[in-house]
Structures are given as structure tokens and as C-alpha cells.
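# Topology and contacts: notes
Here is what each chain is made of, one letter per residue.
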Amino acid sequence: MQIFCKTDIGRVRSSNQDAYFVKQLENGVVLAIVCDGMGGANAGNIASELAVKNISDYIIRSYRNGMDSSDIVRMLKNAVTSANIIIYDRSLKSPELSGMGTTAVAAVVTEDFAVISHVGDSRAYLISDKAEQITRDHSVVQSLIESGKLTQEEAKFHPRKNIITRAIGTEGEVTADFSEVTLKKGDSLLLCTDGLTNFVEPQDIYNIFKSADTADPAERLADLANRNGGGDNITVVAVTK
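These lines cover the structure that appears in this document, whether it is placed above or below. Nothing here was measured: the structure is a model prediction, and the numbers come from that model. (Residues numbered from 1 in each chain as written. Predicted model: local features only at pLDDT ≥ 70, side-chain atom pairs only at ≥ 80, totals over all residues. Heavy atoms only, no water.)

The element strand β10 (residues 188–192) is extensively covered by neighbouring structure, given that five of its five residues are classed as buried. Burial along β10 is two-sided: Ser-188, Leu-190 and Cys-192 and Leu-189 and Leu-191, pointing in opposite directions, are all buried. Here five bridges tie strand β7 (residues 123–127) to β10, and the two strands are oriented antiparallel to one another. The partner of Arg-123 across the bridge, within β10, is Cys-192. (Buried < 20%, exposed > 50% of the residue type's maximum accessible area, 1.4 Å probe, protein only. Helix = DSSP H or I, 4+ residues; strand = E, 2+ residues; numbered from the N terminus. Pairing = 2+ DSSP bridges.)

Set out below in C-alpha cells:
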């Protein structure tokens with residue numbers, strides 16, 4: 001499997017509050033994590049870094065060759081729960097970190113399938129015959145879309161589009177959602193923050209992955225997000241089978 005990674009501060013923000021982690025485990029299995037922190041001053045940076053570190057540490061300790069998808073779901077769930085406790089406790093002990101939190105999308109990618117866990121509005125896409133969004137945003141606008149009060153087009157410009165309804169570290173408990181996808185030769189799994197998806201359309205994501213002259217899709221996606229405004233930090237991790 002090929003791995004491509006890129007994080008970029010964008011053209012507007014004064015700091016990069018995204019964080020990511022990628023590592024090959026046993027038998028070529030890939031662990032990938034992308035987080036988008038939130039909070040004043042450095043709090044967002046700390047939340048995303050703590051989440052990446054604690055989720056990755058837990059999975060590296062726990063992963064065993066031959067795990068099936070249900071084993072991986074349990075492992076990811078425990079990893080997210082552990083990270084949530086650590087970040088929440090840290091925010092309670094440090095007034096300057098009060099209220100900090102982070103999104104997280106994490107994937108364990110095997111030769112045949114990928115299991116994805118997510119909290120917040122960082123996303124996973126399967127790039128196959130199209131760029132298909134796997135995850136469902138935990139956000140205010142997604143709830144409005146599902147209730148029929150907002151269209152997809154209206155959601156792009158809604159003033160509350162960046163407000164998420166779940167995050168790691170903001171409360172004592174958190175619920176992650178899980179997805180599983182099958183990967184065939186040539187497919188890619190994309191994990192990214194909203195600094196990409198708010199500025200690059202799914203069709204453009206697909207075109208970049210499938211273009212014959214694309215050597216590094218992560219680099220090209222970040223460049224396109226910046227050309228389209230770069231209004232947020234951009235983080236992209238792609239695993240191609």
C-alpha cells in the first residue's frame with residue numbers, strides 16, 4: 001500500500017491546529033489518524049496532539065495480526081474513549097485549556113478492508129469509481145440537512161457550518177461512529193479535515209486521485225484547497241491499495 005500525507009496551515013490561520021499520524025503495523029496493515037483541534041490560544045493544538053498520541057499509542061499496543069473487523073472496532077472504541085478521558089481531565093486541570101477538544105477520524109486499513117472511527121466533522125472518503133463520503137459529519141448543518149431544513153448547497157454557506165455536535169475532550173464521555181469498507185486494487189482511503197472539504201469538491205478530489213500525472217495526491221489536494229481560499233488548516237492522509 002502507498003501512503004501520502006500533507007498538513008498545511010492554509011492562507012488565513014496563524015497556527016496549525018491539525019495533527020495526524022500514520023504507521024504501518026504488522027503485515028502491512030496501516031494505522032492512520034487525522035485530528036482538527038479547537039480551543040483558544042494553543043488549546044486546539046494540544047487537544048489534537050493529545051488525541052493523535054493517545055489513540056495511536058493505544059492501537060500500537062493493542063493491535064494483533066489476524067484481528068477481524070469487530071475486534072478492530074472494539075480496539076478503536078477503547079482508544080477513542082481513553083483519549084477522551086485524558087483530554088477532558090487535562091482541560092479541567094488547566095484553566096487556559098478549558099473547553100478544548102478535537103475531531104478525530106482514524107482508520108485501520110488491512111489488505112482487504114478498512115475500519116474507520118470518527119468524531120466530529122473530519123471525514124473519510126473511499127476513492128473508487130467516485131469520491132464517496134464514508135463518514136457522517138457530527139455538525140449542526142448536517143442535522144439541519146437531515147431534518148430537511150437545509151439543502152446541501154445552502155449548507156456550504158451557512159453561518160454555523162463549522163459548529164460540531166461531538167468532539168473528543170469536551171465532555172466526560174464521547175460516542176464515536178464506525179464504518180467498514182472493502183478495498184480493491186487501485187482504491188484509496190482518504191482521511192481529511194474540513195480545511196480540505198470546505199474548499200475542494202468531491203469531484204475534484206476524485207479527479208486528482210485518478211489523474212495520470214498525480215504523483216502525490218495529498219500534496220495536490222492541499223495546493224488546490226489553498227488556491228480555492230485556504231481558509232483553514234488543511235490535513236490530508238491517503239492510503240492507496
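Read on, since the account is not over.
To continue, consider the nonpolar core. Counting 34 residues, the largest nonpolar core has Ile-55, Ile-59, Tyr-63, Ile-72, Met-75 and Val-108 as the members making the most contacts within it. Those elements that place two or more of their residues in this core are β3 (30–38), α1 (43–62), α2 (69–93), β5 (104–109) and β6 (113–119). A per-element tally of this core places α1 first, with eight residues. The residues contacting Tyr-63, other than those within four sequence positions of it, are Leu-25, Glu-26, Val-29, Met-75 and Val-108. The next biggest cluster of nonpolar side chains, apart from the first, holds 19 residues, and it includes Ile-127, Leu-190, Ala-218 and Val-236. (Core = buried A, V, L, I, M, F, W, Y, C linked by side-chain atoms within 4.5 Å. Contact = heavy atoms within 4.5 Å.)

Moving on, we come to the environment of Ile-87. Residue placement: Ile-87 occurs in helix α2. Note on Ile-87: relative accessible area 0%, which makes it buried. Non-local contacts of Ile-87, meaning those with residues more than four positions away in its chain, are made with Ala-47, Leu-50, Ala-51, Met-100, Thr-102, Ile-168 and Gly-169.

A full pass over the atoms with the stated rule returns zero disulfides. Unpaired in terms of disulfides, Cys-35 finds its nearest cysteine sulfur in Cys-192, a separation of 13 Å. Residue class for Cys-35 comes out buried when judged on its relative accessible area of 0%. (Disulfide = S-S within 2.5 Å.)

Interaxial distance between helix α6 (residues 202–210) and helix α7 (residues 217–227) falls to 9 Å at its minimum, and their mutual angle equals 145 degrees. The handedness of the crossing between α6 and α7 is right-handed. The segment α6 lies against α7, with Asp-204, Ile-205, Ile-208 and Phe-209 engaging Pro-217, Arg-220, Leu-221 and Leu-224. For the contact of α6 with α7, a count of residues per class yields six nonpolar, no polar and two charged. (Axes fitted to C-alpha atoms, helices over the stretch in contact; angles between N-to-C directions. Left-handed = near helix turned anticlockwise from the far one by under 90°. Nonpolar A, V, L, I, M, F, W, Y, C, P; charged D, E, K, R; others polar.)

This next bit is on the side chain of Thr-240. Considering the arrangement of structural elements, one finds Thr-240 in strand β11 (residues 234–240). Residue Thr-240 is classed as buried on the basis of its relative accessible area, which comes to 13%. Among the polar contacts listed, one links the side chain of Thr-240 to the side chain of Ser-188, at a separation of 2.6 Å. (Polar contact = N/O pair within 3.5 Å; in protein donor to acceptor, adjacent residues only side chain to side chain.)

Moving on, we get to the pattern of salt bridges. Any two side chains of opposite charge can pair, so long as their charged atoms come close to each other. Summed over the entire model, instances satisfying the criterion amount to seven salt bridges. Asp-137 is the partner of Arg-123 in a salt bridge, and the nearest nitrogen-oxygen pair spans 2.7 Å. Residue Arg-123 is located in strand β7, and its partner Asp-137 is located in the loop between β8 (131–133) and α3 (140–146); the two are separated by 14 residues in the primary sequence. Accessibility expressed as a relative area gives 7% for Asp-137, which makes it buried. (Salt bridge = Lys/Arg side-chain N within 4 Å of Asp/Glu carboxyl O.)

Moving on, we come to α7. Considered for burial, the residues of α7 that qualify are Pro-217, Ala-218, Leu-221, Ala-222, Leu-224, Ala-225 and Asn-226. On its buried face, α7 is in contact with β1 (2–8), β10, α5 (194–197), α6 and β11. Measuring from the side-chain oxygen of the N-cap residue of α7 to the backbone nitrogen of Ala-218 gives 3.1 Å; that N-cap residue is Asp-216. Gly-229 occupies a position one or two residues after α7 and carries a positive phi of about 135 degrees.

Among the residues making up α6, those that are buried are Ile-205, Ile-208 and Phe-209. For α6, the angular spread of buried residues about the axis comes to 100 degrees, placing them on one side. (Arc of directions from axis to C-beta.)

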